[in-house]
Amino acid sequence: MKKEEGEIIEGISKLDILISKSPNVDLLYKRAKLLIQLGENAKAVNDFSKILKLDPEQKYAKAQLEYLTTIIRYNNTDIYASTNTNFDPWME
């Protein structure tokens, strides 16, 4: 594990404690940002969902939620399940 990665994990742990005591939008944004840096997109999606439950008017959280959901969907596409890797409509 790299030093920077260890610092990010430590930061997430500290934020976990703060969020468990008093969840708020700012702390959730900070944790989501760190999770994205680690490549933990699914966990970041959870944080953005929590942000929207606390404040449905958070446009940045909505945008990030859509963006990360698309990335997760793309990463979970099994290219070996279908030869139609370009999702061409005539190949179905």
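This text follows the structure it describes.
Residues numbered from 1 in each chain as written. Predicted model: local features only at pLDDT ≥ 70, side-chain atom pairs only at ≥ 80, totals over all residues. Heavy atoms only, no water.

Describing the overall build of the protein
Here is the rule: Here a strand is any run of E in DSSP of at least two residues, a helix any run of H or I of at least four, and the numbering for each starts at the N terminus. A simple rule labels every residue: compare its accessible area, found with a 1.4 Å probe on the protein chains alone, to the largest value its type can have, and call it buried under 20%, exposed over 50%, or partly exposed in between. The criterion used for residue contact is that any of the two residues' heavy atoms lie within 4.5 Å. Per-residue accessibility takes into account occlusion by the displayed protein chains alone, with areas from the Shrake-Rupley method and a 1.4 Å probe.
When helices and strands are counted, the protein shows four helices and zero strands. Counting from the amino terminus, helix and strand elements in the protein follow one another as α-α-α-α. Here the protein holds 92 residues, and the buried ones make up 26% of them. A sequence separation of at least 24 residues applies to 34% of the contacts in the protein between residues at least 6 apart. Accessible surface for the protein amounts to roughly 7,100 Å². Of this, 54% is attributable to carbon and sulfur atoms.

Some details on the environment of Arg 31
The following threshold applies: Definition of a polar contact: a pair of N or O atoms within 3.5 Å, with one able to donate and the other able to accept a hydrogen when the atoms are protein atoms, and with sequence-neighbouring residues admitted only if both atoms are side-chain atoms.
Of note, Arg 31 is situated in helix 2 (residues 25-38). Classification of Arg 31 by relative accessible area gives buried; the value is 9%. The spacing of Arg 31 and Asp 16 is 15 residues in sequence and 7.9 Å in space, taken between C-alpha atoms. Residues in contact with Arg 31, not counting those within four places in the same chain, are Ile 12, Leu 15, Asp 16, Ile 19, Asp 47 and Lys 50. One polar contact links Arg 31 to Asp 47, side chain to side chain, over a distance of 2.6 Å.

Some thoughts on the pattern of salt bridges
Under the convention used in this document: We define a salt bridge as a side-chain nitrogen of Lys or Arg found within 4 Å of a carboxyl oxygen belonging to Asp or Glu.
Per the stated rule, a full pass over the model turns up four salt bridges. With a closest N to O distance of 3.3 Å, Glu 10 and Lys 14 form a salt bridge. One end of the pair, Glu 10, and the other, Lys 14, are both in helix 1 (residues 3-21), four residues apart, so they sit about a helical turn from each other. Of the residues examined, Lys 14 reaches a relative accessible area of 49% and is grouped as partly exposed.

The values reported here are purely geometric and, on their own, carry no functional implication.
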